[in-house]
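Results of the structural survey
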Amino acid sequence: MSWEAAYVGRPFGPGPGEVTCWSLVREVYRDRLGITLPEYGEIDAHDLARIAAAMEAGADDGWAPADPPRELDVVLMRGWRGRGVVHVGVMVDDRRLLHVEEASATVVVPLTHRSVARRIVGFRRLSQ
């Protein structure tokens with residue numbers, strides 16, 4: 001069984017047993033790499049927008065651009081209406097990503113899938 005199978009099917013949300021896109025990434029990094037990523041849930045929307053813009057711009061925030069992507073890199077995605085980065089996922093391998101959105105439970109999809117292909121802005125790898 002592949003590692004991502006343990007996360008597939010988890011419902012979207014902030015409650016027990018549920019995950020948001022960022023909490024999913026945090027959980028994968030904790031479980032797979034033993035790394036505790038920050039929880040941004042207690043900062044205001046303006047700071048979240050600033051952090052997303054910094055990641056999108058490739059600011060030196062500990063996350064380096066990753067090209068080509070590989071397992072456990074973070075995927076940055078726009079919203080459905082094409083705005084700035086508002087969604088993240090984590091690479092399962094060099095072709096598939098694991099993510100969760102309000103409209104679905106946690107899924108693994110290829111980078112070419114219609115639900116993500118046009119929304120992907122880039123990939124980031126944690127510098128250690």
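So, here is what we can say about the structure in this document. (Residues numbered from 1 in each chain as written. Predicted model: local features only at pLDDT ≥ 70, side-chain atom pairs only at ≥ 80, totals over all residues. Heavy atoms only, no water.)

Points about the overall build of the protein chain
Cut-off, in case you're wondering: Each helix is a run of DSSP H or I of at least 4 residues and each strand a run of E of at least 2, with the numbering of both proceeding from the N terminus. Buried means the residue's accessible area, taken with a 1.4 Å probe over protein chains only, is under 20% of the maximum for its type, while exposed means over 50%, and partly exposed covers the values in between. Residues are treated as being in contact if the distance between any of their heavy atoms lies within 4.5 Å. Computed by Shrake-Rupley with a 1.4 Å probe, the accessible areas treat only the displayed protein chains as cover when residues are assessed.
Scanning the protein chain for helices and strands turns up two helices and six strands. In the protein chain, the order of α-helices and β-strands from amino to carboxyl end is α-α-β-β-β-β-β-β. Out of the 128 residues belonging to the protein chain, those deemed buried represent 41%. At a minimum sequence separation of 6, the contacts of the protein chain that also span at least 24 residues come to 51%. When the accessible area of the protein chain is evaluated, it comes to approximately 7500 Å², of which 51% is carbon and sulfur surface.

Examining the pairing of strand β6 (residues 120-126)
Short version of the rule: Here a strand pair is declared whenever DSSP counts at least two bridges between the two strands.
Pairing of strand β1 (residues 63-65) with β6, which is carried by three bridges, proceeds in the antiparallel orientation. Within the sheet, the bridge partner assigned to Pro65 lies in β6 and is Arg124. Two elements, strand β2 (residues 74-78) and β6, share four bridges in a ladder whose sense is antiparallel. Within β6, the residue paired with Met77 across the bridge is Ile120.

Some remarks on the nonpolar core
The condition that has to hold: We define a nonpolar core as any set of buried Ala, Val, Leu, Ile, Met, Phe, Trp, Tyr and Cys residues linked to one another through side-chain atoms lying within 4.5 Å.
Formed by 21 residues in total, the largest nonpolar core has its most connected members in Trp3, Val25, Val28, Tyr29, Val90 and Leu98. Elements with a minimum of two residues in this core: α1 (21-33), β2, β3 (85-91) and β4 (96-101). Among the elements that make up this core, the one with the highest residue count is α1 (six residues). Residues contacting Val90, with those up to four places away along its chain left out, are Trp3, Val25, Val28, Tyr29, Leu72, Asp73, Val75, Leu97 and Leu98.

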